Amino acid sequence: MAAKTGQQSEGDRTHPVDDTLPPFKMITSGLQHVAAMYAGVVAPPMIVGPACGLSATETAFLMGASLFTAGIATLLQTLGFWKVGARLPFVNGVSFAGVTPMVAIGKAQGPDDALPVIFGAVIVAGVLGFLLAPYFSKLVRFFPPVVTGTVITLIGVSLLPVAFNWSQGGNDRAPDYGSLTNIGMAALTFLIVLVLRRVLRGFLQQIAILLGLVAGTLIAIPVGITDFSALSQASLIGFPTPFHFGAPQFDLAAIISMCIVMLVCMTESTADMLALGRIVGRPADERTIEGGLRADTLGTAVSPLFNGFANSAFAQNIGLVAMTKVRSRFVVATGGLILIVLGLCPVAASVISLVPLPVLGGAGIVLFGSVAASGIQTLASAAMEKGDNALIVAAAVGIGLIPIAAPDFYHHLPKDLLVVLDSGISTGCLVAIVLNLAFNHLGRERADGGAVDGSAVDAEPVDAERAAGGTAARDSVAGDPAARGAAAEEPADDPAAAAPAH
(Lines give C-alpha, C1' and ligand atoms only; values in the text may rest on other atoms or scores of the structure.)
Protein backbone atom coordinates (compact mmCIF):
# COMPACT_ATOMS: atom_id res chain seq x y z
CA MET A 1 0.00 0.00 0.00
CA ALA A 2 1.31 3.41 -0.89
CA ALA A 3 2.10 5.67 2.01
CA LYS A 4 -0.25 8.58 2.55
CA THR A 5 0.83 12.18 3.16
CA GLY A 6 -2.49 13.97 2.72
CA GLN A 7 -2.38 13.51 -1.08
CA GLN A 8 -3.35 10.57 -3.26
CA SER A 9 -0.47 8.33 -4.35
CA GLU A 10 0.47 8.33 -8.02
CA GLY A 11 -1.18 4.96 -8.54
CA ASP A 12 -4.54 6.15 -7.24
CA ARG A 13 -7.06 8.30 -9.03
CA THR A 14 -7.10 12.03 -8.41
CA HIS A 15 -8.73 13.06 -5.15
CA PRO A 16 -12.05 14.87 -5.76
CA VAL A 17 -10.51 18.01 -4.26
CA ASP A 18 -8.00 18.10 -7.14
CA ASP A 19 -10.48 17.21 -9.89
CA THR A 20 -11.12 19.61 -12.76
CA LEU A 21 -14.57 19.82 -14.35
CA PRO A 22 -15.55 20.69 -17.93
CA PRO A 23 -15.52 24.48 -18.52
CA PHE A 24 -19.31 24.96 -18.42
CA LYS A 25 -19.67 23.00 -15.17
CA MET A 26 -16.66 24.80 -13.71
CA ILE A 27 -18.11 28.24 -14.45
CA THR A 28 -21.67 27.51 -13.33
CA SER A 29 -20.52 25.78 -10.12
CA GLY A 30 -18.12 28.66 -9.40
CA LEU A 31 -20.91 31.16 -10.05
CA GLN A 32 -23.06 29.33 -7.53
CA HIS A 33 -20.37 29.91 -4.87
CA VAL A 34 -20.24 33.60 -5.79
CA ALA A 35 -24.03 33.91 -5.55
CA ALA A 36 -23.96 32.30 -2.10
CA MET A 37 -21.30 34.68 -0.76
CA TYR A 38 -21.97 37.91 -2.66
CA ALA A 39 -24.16 39.55 -0.02
CA GLY A 40 -21.66 38.65 2.70
CA VAL A 41 -18.79 40.28 0.80
CA VAL A 42 -20.52 43.59 0.03
CA ALA A 43 -22.30 43.96 3.38
CA PRO A 44 -19.26 45.07 5.47
CA PRO A 45 -18.27 47.92 3.10
CA MET A 46 -21.95 48.93 2.95
CA ILE A 47 -21.77 49.39 6.74
CA VAL A 48 -18.24 50.77 7.12
CA GLY A 49 -18.44 53.20 4.17
CA PRO A 50 -21.27 55.41 5.49
CA ALA A 51 -19.82 55.18 9.02
CA CYS A 52 -16.59 56.70 7.64
CA GLY A 53 -18.48 59.49 5.88
CA LEU A 54 -18.32 58.08 2.34
CA SER A 55 -20.82 59.05 -0.32
CA ALA A 56 -22.93 56.46 -2.14
CA THR A 57 -20.50 56.51 -5.08
CA GLU A 58 -17.46 56.01 -2.82
CA THR A 59 -19.23 53.22 -0.93
CA ALA A 60 -19.94 51.48 -4.24
CA PHE A 61 -16.22 51.79 -5.04
CA LEU A 62 -15.43 50.19 -1.67
CA MET A 63 -17.82 47.32 -2.46
CA GLY A 64 -16.08 46.67 -5.80
CA ALA A 65 -12.72 46.68 -4.03
CA SER A 66 -14.01 44.10 -1.54
CA LEU A 67 -15.11 41.80 -4.36
CA PHE A 68 -11.72 42.19 -6.07
CA THR A 69 -9.68 41.46 -2.93
CA ALA A 70 -11.97 38.53 -1.97
CA GLY A 71 -11.16 37.01 -5.36
CA ILE A 72 -7.41 37.41 -4.78
CA ALA A 73 -7.66 35.87 -1.30
CA THR A 74 -9.73 32.96 -2.66
CA LEU A 75 -7.12 32.21 -5.32
CA LEU A 76 -4.38 32.28 -2.68
CA GLN A 77 -6.42 29.80 -0.64
CA THR A 78 -7.43 27.35 -3.38
CA LEU A 79 -4.42 27.37 -5.72
CA GLY A 80 -1.72 28.57 -3.37
CA PHE A 81 2.02 28.84 -3.79
CA TRP A 82 4.99 27.84 -1.65
CA LYS A 83 3.54 27.25 1.84
CA VAL A 84 0.55 29.53 1.30
CA GLY A 85 -2.95 28.12 0.82
CA ALA A 86 -4.96 25.22 2.24
CA ARG A 87 -5.56 23.99 -1.33
CA LEU A 88 -9.13 23.10 -0.37
CA PRO A 89 -12.41 24.43 -1.90
CA PHE A 90 -12.21 27.33 0.51
CA VAL A 91 -13.79 30.73 -0.18
CA ASN A 92 -12.38 33.89 1.40
CA GLY A 93 -14.09 37.24 1.81
CA VAL A 94 -14.39 40.28 4.05
CA SER A 95 -14.71 39.24 7.69
CA PHE A 96 -17.73 40.45 9.66
CA ALA A 97 -15.60 40.28 12.83
CA GLY A 98 -13.88 43.51 11.84
CA VAL A 99 -17.01 45.55 11.13
CA THR A 100 -17.68 46.81 14.66
CA PRO A 101 -14.04 47.81 15.41
CA MET A 102 -13.69 49.49 12.00
CA VAL A 103 -16.86 51.50 12.53
CA ALA A 104 -15.53 52.57 15.94
CA ILE A 105 -12.19 53.58 14.38
CA GLY A 106 -13.98 55.52 11.66
CA LYS A 107 -16.05 57.49 14.15
CA ALA A 108 -12.99 58.24 16.30
CA GLN A 109 -10.79 59.43 13.43
CA GLY A 110 -13.17 61.50 11.33
CA PRO A 111 -13.90 61.25 7.59
CA ASP A 112 -10.47 62.32 6.27
CA ASP A 113 -8.35 59.87 8.25
CA ALA A 114 -10.80 57.03 8.96
CA LEU A 115 -10.03 54.68 6.07
CA PRO A 116 -6.25 55.32 6.00
CA VAL A 117 -6.08 54.46 9.72
CA ILE A 118 -8.25 51.36 9.19
CA PHE A 119 -6.11 50.20 6.27
CA GLY A 120 -2.89 50.73 8.23
CA ALA A 121 -4.21 48.67 11.12
CA VAL A 122 -5.38 45.90 8.75
CA ILE A 123 -1.93 45.72 7.12
CA VAL A 124 -0.17 45.31 10.48
CA ALA A 125 -2.74 42.73 11.64
CA GLY A 126 -2.28 40.73 8.43
CA VAL A 127 1.51 40.72 8.72
CA LEU A 128 1.31 39.67 12.39
CA GLY A 129 -1.11 36.87 11.53
CA PHE A 130 1.17 35.65 8.73
CA LEU A 131 4.09 35.42 11.17
CA LEU A 132 1.95 33.62 13.78
CA ALA A 133 0.44 31.09 11.34
CA PRO A 134 3.05 28.30 11.91
CA TYR A 135 2.49 28.50 15.67
CA PHE A 136 -1.28 28.99 15.57
CA SER A 137 -1.69 25.92 13.35
CA LYS A 138 -0.30 23.70 16.11
CA LEU A 139 -3.57 24.24 17.96
CA VAL A 140 -5.09 21.60 15.66
CA ARG A 141 -4.19 18.96 18.25
CA PHE A 142 -6.76 20.58 20.55
CA PHE A 143 -9.58 19.99 18.04
CA PRO A 144 -10.77 16.37 18.53
CA PRO A 145 -14.27 15.44 17.23
CA VAL A 146 -16.03 16.68 20.36
CA VAL A 147 -14.57 20.15 19.70
CA THR A 148 -14.80 20.23 15.90
CA GLY A 149 -18.36 18.89 15.92
CA THR A 150 -19.41 21.56 18.39
CA VAL A 151 -17.75 24.33 16.38
CA ILE A 152 -19.15 23.16 13.04
CA THR A 153 -22.65 23.02 14.54
CA LEU A 154 -22.20 26.54 15.92
CA ILE A 155 -21.01 27.78 12.51
CA GLY A 156 -24.25 26.60 10.92
CA VAL A 157 -26.47 27.84 13.74
CA SER A 158 -24.68 31.22 13.81
CA LEU A 159 -25.28 31.69 10.09
CA LEU A 160 -28.99 30.90 10.19
CA PRO A 161 -29.98 34.30 11.66
CA VAL A 162 -28.25 35.89 8.65
CA ALA A 163 -30.54 33.88 6.36
CA PHE A 164 -33.57 34.84 8.46
CA ASN A 165 -32.61 38.52 8.22
CA TRP A 166 -32.21 38.25 4.44
CA SER A 167 -35.59 36.50 4.25
CA GLN A 168 -37.22 39.51 5.89
CA GLY A 169 -35.54 41.97 3.52
CA GLY A 170 -32.12 42.59 5.07
CA ASN A 171 -32.77 46.15 6.31
CA ASP A 172 -34.71 46.28 9.58
CA ARG A 173 -35.36 50.01 9.07
CA ALA A 174 -37.13 49.49 5.74
CA PRO A 175 -40.94 49.72 5.81
CA ASP A 176 -41.33 46.32 4.12
CA TYR A 177 -38.97 44.51 6.50
CA GLY A 178 -40.59 41.21 7.50
CA SER A 179 -43.51 41.77 5.12
CA LEU A 180 -45.59 38.89 3.83
CA THR A 181 -44.13 39.51 0.36
CA ASN A 182 -40.53 39.15 1.53
CA ILE A 183 -41.15 36.11 3.71
CA GLY A 184 -43.32 34.56 0.99
CA MET A 185 -40.51 34.92 -1.59
CA ALA A 186 -38.05 33.39 0.84
CA ALA A 187 -40.39 30.46 1.49
CA LEU A 188 -41.02 29.97 -2.24
CA THR A 189 -37.28 29.94 -3.00
CA PHE A 190 -36.73 27.52 -0.13
CA LEU A 191 -39.33 25.15 -1.61
CA ILE A 192 -37.94 25.54 -5.14
CA VAL A 193 -34.45 24.55 -3.97
CA LEU A 194 -35.80 21.49 -2.13
CA VAL A 195 -37.89 20.40 -5.13
CA LEU A 196 -34.97 20.86 -7.53
CA ARG A 197 -32.69 18.85 -5.25
CA ARG A 198 -35.32 16.09 -5.15
CA VAL A 199 -36.26 15.83 -8.83
CA LEU A 200 -33.03 16.73 -10.65
CA ARG A 201 -30.14 14.37 -11.21
CA GLY A 202 -26.44 14.68 -11.92
CA PHE A 203 -24.95 18.10 -12.56
CA LEU A 204 -28.31 19.91 -12.53
CA GLN A 205 -28.87 18.64 -9.00
CA GLN A 206 -25.46 20.01 -8.00
CA ILE A 207 -26.38 23.53 -9.15
CA ALA A 208 -29.87 23.42 -7.65
CA ILE A 209 -29.03 26.41 -5.44
CA LEU A 210 -28.04 28.52 -8.46
CA LEU A 211 -31.14 27.43 -10.38
CA GLY A 212 -33.29 28.21 -7.34
CA LEU A 213 -31.77 31.70 -7.09
CA VAL A 214 -32.42 32.34 -10.79
CA ALA A 215 -36.01 31.08 -10.53
CA GLY A 216 -36.65 33.10 -7.38
CA THR A 217 -35.24 36.26 -8.96
CA LEU A 218 -37.39 35.87 -12.07
CA ILE A 219 -40.51 35.38 -9.93
CA ALA A 220 -39.52 38.41 -7.83
CA ILE A 221 -39.57 40.74 -10.87
CA PRO A 222 -43.38 40.89 -11.27
CA VAL A 223 -43.73 40.82 -7.48
CA GLY A 224 -41.80 44.10 -7.41
CA ILE A 225 -38.89 43.39 -5.05
CA THR A 226 -36.11 43.28 -7.68
CA ASP A 227 -34.11 46.52 -7.78
CA PHE A 228 -32.59 47.39 -11.19
CA SER A 229 -31.23 50.81 -10.14
CA ALA A 230 -27.72 49.53 -9.45
CA LEU A 231 -27.56 48.00 -12.95
CA SER A 232 -28.58 51.24 -14.66
CA GLN A 233 -26.05 53.34 -12.73
CA ALA A 234 -23.06 50.99 -12.92
CA SER A 235 -20.10 51.70 -15.18
CA LEU A 236 -18.59 49.08 -17.46
CA ILE A 237 -15.04 49.13 -16.10
CA GLY A 238 -13.72 50.19 -12.72
CA PHE A 239 -10.34 49.33 -11.23
CA PRO A 240 -9.80 49.63 -7.46
CA THR A 241 -7.03 52.26 -7.61
CA PRO A 242 -4.32 51.47 -5.02
CA PHE A 243 -4.67 53.59 -1.87
CA HIS A 244 -7.61 55.42 -3.40
CA PHE A 245 -8.51 56.93 -0.03
CA GLY A 246 -4.95 57.93 0.91
CA ALA A 247 -1.76 56.32 2.17
CA PRO A 248 -2.18 54.04 5.22
CA GLN A 249 -1.73 55.57 8.65
CA PHE A 250 -0.66 53.63 11.72
CA ASP A 251 -2.49 54.30 14.97
CA LEU A 252 -1.60 52.11 17.95
CA ALA A 253 -5.13 51.74 19.35
CA ALA A 254 -6.52 50.86 15.93
CA ILE A 255 -3.70 48.35 15.34
CA ILE A 256 -4.35 46.58 18.66
CA SER A 257 -8.06 46.39 17.88
CA MET A 258 -7.52 44.88 14.41
CA CYS A 259 -4.87 42.44 15.70
CA ILE A 260 -7.50 41.06 18.09
CA VAL A 261 -9.87 40.76 15.13
CA MET A 262 -7.15 38.89 13.22
CA LEU A 263 -6.79 36.33 16.03
CA VAL A 264 -10.57 35.84 16.04
CA CYS A 265 -10.53 35.35 12.26
CA MET A 266 -7.70 32.81 12.54
CA THR A 267 -9.65 30.85 15.16
CA GLU A 268 -12.76 30.74 12.98
CA SER A 269 -10.76 29.85 9.87
CA THR A 270 -9.10 26.97 11.71
CA ALA A 271 -12.50 25.61 12.67
CA ASP A 272 -13.78 26.11 9.11
CA MET A 273 -10.81 24.26 7.60
CA LEU A 274 -11.36 21.33 9.95
CA ALA A 275 -15.03 21.28 8.97
CA LEU A 276 -14.33 21.48 5.25
CA GLY A 277 -11.59 18.85 5.45
CA ARG A 278 -14.07 16.38 6.89
CA ILE A 279 -16.71 17.21 4.30
CA VAL A 280 -14.40 16.76 1.29
CA GLY A 281 -12.70 13.64 2.66
CA ARG A 282 -9.26 15.24 3.04
CA PRO A 283 -8.82 15.93 6.78
CA ALA A 284 -7.02 19.20 7.46
CA ASP A 285 -3.73 18.48 9.21
CA GLU A 286 -1.35 20.98 10.78
CA ARG A 287 0.39 21.77 7.49
CA THR A 288 -2.94 22.38 5.72
CA ILE A 289 -4.11 24.74 8.45
CA GLU A 290 -0.78 26.57 8.45
CA GLY A 291 -1.07 27.13 4.69
CA GLY A 292 -4.70 28.18 5.01
CA LEU A 293 -3.91 30.71 7.75
CA ARG A 294 -1.05 32.09 5.68
CA ALA A 295 -3.45 32.61 2.77
CA ASP A 296 -5.96 34.32 5.08
CA THR A 297 -3.41 36.65 6.59
CA LEU A 298 -1.49 37.37 3.37
CA GLY A 299 -4.78 38.20 1.66
CA THR A 300 -5.56 40.49 4.60
CA ALA A 301 -2.19 42.26 4.41
CA VAL A 302 -2.51 42.82 0.64
CA SER A 303 -6.20 43.87 0.64
CA PRO A 304 -5.66 47.46 1.87
CA LEU A 305 -3.43 48.11 -1.15
CA PHE A 306 -6.64 47.78 -3.23
CA ASN A 307 -8.88 49.39 -0.57
CA GLY A 308 -10.04 46.09 0.92
CA PHE A 309 -10.44 44.88 4.50
CA ALA A 310 -9.45 41.80 6.53
CA ASN A 311 -10.29 38.50 4.83
CA SER A 312 -11.26 35.18 6.37
CA ALA A 313 -13.11 31.97 5.49
CA PHE A 314 -16.75 32.15 4.44
CA ALA A 315 -18.55 29.37 6.29
CA GLN A 316 -21.71 29.58 4.15
CA ASN A 317 -19.83 28.10 1.20
CA ILE A 318 -18.94 25.06 3.29
CA GLY A 319 -22.65 24.29 3.34
CA LEU A 320 -22.72 24.54 -0.45
CA VAL A 321 -19.88 22.02 -0.76
CA ALA A 322 -21.64 19.68 1.69
CA MET A 323 -24.94 19.95 -0.17
CA THR A 324 -23.71 19.68 -3.77
CA LYS A 325 -20.81 17.28 -3.09
CA VAL A 326 -18.77 19.21 -5.68
CA ARG A 327 -15.45 19.12 -3.87
CA SER A 328 -13.07 20.49 -6.51
CA ARG A 329 -10.92 23.38 -5.32
CA PHE A 330 -10.66 24.51 -8.93
CA VAL A 331 -14.40 25.20 -8.95
CA VAL A 332 -13.92 27.59 -6.04
CA ALA A 333 -10.82 29.05 -7.75
CA THR A 334 -13.10 29.76 -10.73
CA GLY A 335 -15.40 31.52 -8.30
CA GLY A 336 -12.39 33.58 -7.19
CA LEU A 337 -11.75 34.62 -10.79
CA ILE A 338 -15.41 35.60 -11.14
CA LEU A 339 -15.08 37.76 -8.01
CA ILE A 340 -12.08 39.53 -9.53
CA VAL A 341 -14.06 40.17 -12.73
CA LEU A 342 -16.96 41.53 -10.69
CA GLY A 343 -14.56 43.84 -8.88
CA LEU A 344 -13.22 45.12 -12.20
CA CYS A 345 -16.61 45.32 -13.91
CA PRO A 346 -19.31 47.05 -11.84
CA VAL A 347 -21.96 46.18 -14.44
CA ALA A 348 -21.30 42.46 -13.95
CA ALA A 349 -21.37 42.91 -10.18
CA SER A 350 -24.73 44.66 -10.49
CA VAL A 351 -26.18 41.65 -12.33
CA ILE A 352 -25.36 39.43 -9.34
CA SER A 353 -26.83 42.04 -7.00
CA LEU A 354 -30.19 41.69 -8.77
CA VAL A 355 -30.91 38.64 -6.62
CA PRO A 356 -33.27 40.00 -3.92
CA LEU A 357 -32.22 39.32 -0.35
CA PRO A 358 -35.44 37.40 0.46
CA VAL A 359 -34.61 35.01 -2.40
CA LEU A 360 -31.04 34.64 -1.12
CA GLY A 361 -32.40 34.09 2.40
CA GLY A 362 -34.63 31.21 1.32
CA ALA A 363 -31.68 29.43 -0.27
CA GLY A 364 -29.46 30.38 2.68
CA ILE A 365 -31.64 28.45 5.12
CA VAL A 366 -30.84 25.26 3.22
CA LEU A 367 -27.13 26.11 2.89
CA PHE A 368 -26.52 27.09 6.50
CA GLY A 369 -28.66 24.27 7.83
CA SER A 370 -26.39 21.88 5.90
CA VAL A 371 -23.40 23.17 7.88
CA ALA A 372 -25.16 22.54 11.20
CA ALA A 373 -26.12 19.04 10.01
CA SER A 374 -22.46 18.34 9.21
CA GLY A 375 -21.54 19.32 12.75
CA ILE A 376 -24.15 16.98 14.20
CA GLN A 377 -22.75 14.15 12.07
CA THR A 378 -19.28 14.89 13.43
CA LEU A 379 -20.57 14.84 17.01
CA ALA A 380 -22.01 11.39 16.30
CA SER A 381 -18.40 10.13 16.10
CA ALA A 382 -17.29 11.88 19.29
CA ALA A 383 -18.18 9.09 21.78
CA MET A 384 -20.79 11.23 23.48
CA GLU A 385 -21.71 8.44 25.86
CA LYS A 386 -18.21 8.35 27.37
CA GLY A 387 -16.59 10.68 29.86
CA ASP A 388 -17.95 14.19 30.00
CA ASN A 389 -18.26 14.82 26.27
CA ALA A 390 -21.99 15.51 26.42
CA LEU A 391 -21.35 18.12 29.13
CA ILE A 392 -18.62 19.74 27.01
CA VAL A 393 -20.96 20.03 24.04
CA ALA A 394 -23.82 21.33 26.20
CA ALA A 395 -21.70 24.06 27.79
CA ALA A 396 -19.94 25.12 24.58
CA VAL A 397 -23.13 25.26 22.53
CA GLY A 398 -24.91 27.12 25.33
CA ILE A 399 -22.21 29.79 25.54
CA GLY A 400 -21.88 29.94 21.75
CA LEU A 401 -25.60 30.61 21.35
CA ILE A 402 -25.59 33.67 23.64
CA PRO A 403 -24.73 36.23 20.91
CA ILE A 404 -27.36 34.64 18.66
CA ALA A 405 -30.22 34.25 21.13
CA ALA A 406 -29.47 37.39 23.20
CA PRO A 407 -27.47 39.87 21.06
CA ASP A 408 -27.36 42.50 23.83
CA PHE A 409 -26.25 40.07 26.54
CA TYR A 410 -22.74 41.57 26.81
CA HIS A 411 -23.68 45.22 26.20
CA HIS A 412 -22.33 46.44 29.57
CA LEU A 413 -18.88 44.90 29.01
CA PRO A 414 -15.91 46.82 27.49
CA LYS A 415 -16.22 47.19 23.73
CA ASP A 416 -12.80 45.62 23.14
CA LEU A 417 -14.09 42.34 24.61
CA LEU A 418 -17.07 42.36 22.25
CA VAL A 419 -14.78 41.55 19.31
CA VAL A 420 -14.51 38.02 20.74
CA LEU A 421 -17.72 37.71 22.76
CA ASP A 422 -20.01 38.79 19.92
CA SER A 423 -18.79 35.83 17.87
CA GLY A 424 -20.60 32.71 19.01
CA ILE A 425 -18.21 30.63 16.93
CA SER A 426 -15.13 31.98 18.72
CA THR A 427 -16.57 31.80 22.24
CA GLY A 428 -18.03 28.33 21.71
CA CYS A 429 -14.75 27.12 20.24
CA LEU A 430 -12.72 28.46 23.18
CA VAL A 431 -15.11 26.94 25.72
CA ALA A 432 -15.04 23.55 23.96
CA ILE A 433 -11.21 23.52 23.87
CA VAL A 434 -10.82 24.52 27.52
CA LEU A 435 -13.43 22.05 28.79
CA ASN A 436 -12.02 19.21 26.68
CA LEU A 437 -8.62 19.82 28.26
CA ALA A 438 -10.12 20.12 31.76
CA PHE A 439 -12.36 17.05 31.63
CA ASN A 440 -10.47 14.69 29.32
CA HIS A 441 -6.82 15.51 29.96
CA LEU A 442 -5.81 17.51 33.03
CA GLY A 443 -5.87 15.64 36.31
CA ARG A 444 -7.13 12.38 34.78
CA GLU A 445 -5.13 9.18 35.15
CA ARG A 446 -5.29 5.71 33.70
CA ALA A 447 -5.68 2.67 35.90
CA ASP A 448 -1.91 2.07 35.59
CA GLY A 449 -1.18 5.59 36.85
CA GLY A 450 -0.24 7.03 33.45
CA ALA A 451 -1.60 10.29 32.14
CA VAL A 452 -4.62 10.16 29.90
CA ASP A 453 -3.93 11.14 26.29
CA GLY A 454 -7.54 11.76 25.41
CA SER A 455 -8.44 8.47 23.77
CA ALA A 456 -8.52 6.48 27.03
CA VAL A 457 -11.28 8.65 28.45
CA ASP A 458 -13.24 9.93 25.49
CA ALA A 459 -12.20 7.63 22.67
CA GLU A 460 -10.84 10.68 20.85
CA PRO A 461 -7.27 10.82 19.51
CA VAL A 462 -5.63 14.20 19.97
CA ASP A 463 -3.21 14.27 17.05
CA ALA A 464 -4.34 15.78 13.76
CA GLU A 465 -4.52 12.67 11.59
CA ARG A 466 -6.15 10.35 14.13
CA ALA A 467 -8.61 13.07 15.09
CA ALA A 468 -9.82 12.91 11.52
CA GLY A 469 -10.82 9.30 11.81
CA GLY A 470 -7.81 7.07 12.35
CA THR A 471 -4.72 6.40 10.25
CA ALA A 472 -5.61 2.80 9.52
CA ALA A 473 -9.10 3.68 8.39
CA ARG A 474 -7.78 6.42 6.14
CA ASP A 475 -5.29 4.08 4.51
CA SER A 476 -7.94 1.44 3.88
CA VAL A 477 -10.15 4.02 2.23
CA ALA A 478 -7.23 5.36 0.22
CA GLY A 479 -6.57 1.96 -1.27
CA ASP A 480 -10.12 1.53 -2.51
CA PRO A 481 -11.49 4.35 -4.73
CA ALA A 482 -15.07 3.22 -4.23
CA ALA A 483 -14.68 3.11 -0.49
CA ARG A 484 -12.97 6.47 -0.62
CA GLY A 485 -15.95 8.06 -2.33
CA ALA A 486 -18.37 6.45 0.10
CA ALA A 487 -16.35 7.65 3.07
CA ALA A 488 -16.52 11.21 1.78
CA GLU A 489 -20.29 11.11 1.36
CA GLU A 490 -21.67 8.88 4.11
CA PRO A 491 -21.17 9.12 7.86
CA ALA A 492 -19.32 6.23 9.41
CA ASP A 493 -21.36 3.58 11.21
CA ASP A 494 -18.45 2.82 13.52
CA PRO A 495 -16.63 6.02 14.45
CA ALA A 496 -13.77 4.10 15.94
CA ALA A 497 -13.04 2.18 12.79
CA ALA A 498 -13.99 4.32 9.82
CA ALA A 499 -13.09 7.73 8.52
CA PRO A 500 -15.82 10.33 9.14
CA ALA A 501 -17.38 12.30 6.35
CA HIS A 502 -19.27 15.54 6.89
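Since the structure is predicted, the reported quantities are computational estimates derived from the model, not experimental observations.

A. The arrangement of the packing of helix α5 (residues 145-168) against helix α19 (residues 424-440) in detail. Close contact between α5 and α19 brings their axes to 9 Å; oriented N to C, the two are set at 165°. Here α19 runs roughly antiparallel to α5, going by the angle between their axes. Considering only the axes of α5 and α19, their crossing is right-handed. Listed contacts from α19 to Val146, Val147, Thr150, Val151, Leu154, Ile155 and Ser158 of α5 are Gly424, Ile425, Gly428, Cys429, Ala432, Ile433 and Asn436.

B. Examining the confidence of the model for the protein more closely. A residue-level look at the protein finds 80% of positions with pLDDT of 70 or above and a mean pLDDT of 76. When the criterion is pLDDT under 50, residues 1-11 qualifies, and its contacts beyond four places in sequence or with other chains add up to 14 contacts. Long-range and interchain partners of residues 446-502, a stretch whose pLDDT sits below 50, account for 110 contacts in this model, where long-range means more than four residues apart.

C. Main features of unusual backbone geometry. Not every positive phi belongs to a glycine, and Trp82 is a case in point at roughly 50°. With respect to the helices and strands, Trp82 occurs in the loop between α2 (56-78) and β1 (92-94). One non-glycine residue, Asn307, lies in positive phi territory at about 70°.

D. How the structure looks around the packing of aromatic side chains. Considering all chains together, one arrives at four aromatic pairs under this definition. Here Phe68 and Phe306 contribute two aromatic rings whose centre-to-centre distance is 5.2 Å and whose plane-to-plane angle is 70°, an arrangement assigned as edge-to-face. Placement of the pair is Phe68 in helix α2 and Phe306 in the loop between α11 (286-302) and β2 (311-313), with a sequence separation of 238 residues. Positioned above the aromatic ring of Phe130, the side-chain terminus of Arg294 is 5.8 Å from the ring centre.

E. Looking closely at the pattern of salt bridges. If you walk through the whole model with that rule in mind, you get four salt bridges. Arg329 is the salt-bridge partner of Asp18, the closest N and O atoms lying 2.8 Å from each other. Here Asp18 is found in the segment before α1 (23-51), whereas its partner Arg329 is found in helix α13 (residues 329-344), with 311 residues between them in sequence. Comparing Asp18 with Arg329, the two get one shared label, buried. In this structure, Glu286 engages Lys138 in a salt bridge whose closest nitrogen and oxygen atoms are separated by 3.1 Å. Here the residue Glu286 occupies a position in helix α11, and Lys138 occupies one in the loop between α4 (114-136) and α5, the gap between them amounting to 148 residues. One connected set of salt bridges, linked through shared partners, spans Asp18, Arg282 and Arg329.

Conventions used here
Residues numbered from 1 in each chain as written. Predicted model: local features only at pLDDT ≥ 70, side-chain atom pairs only at ≥ 80, totals over all residues. Heavy atoms only, no water. Axes fitted to C-alpha atoms, helices over the stretch in contact; angles between N-to-C directions. Helix = DSSP H or I, 4+ residues; strand = E, 2+ residues; numbered from the N terminus. Parallel < 35°, antiparallel > 145°, perpendicular 65-115°, else oblique. Left-handed = near helix turned anticlockwise from the far one by under 90°. Contact = heavy atoms within 4.5 Å. pLDDT = per-residue confidence, 0-100. Phe/Tyr/Trp six-rings, centres within 6.5 Å; stacked < 30°, edge-to-face > 60°. Lys NZ or Arg CZ within 6 Å of the ring centre and 35° of its normal. Salt bridge = Lys/Arg side-chain N within 4 Å of Asp/Glu carboxyl O. Buried < 20%, exposed > 50% of the residue type's maximum accessible area, 1.4 Å probe, protein only.

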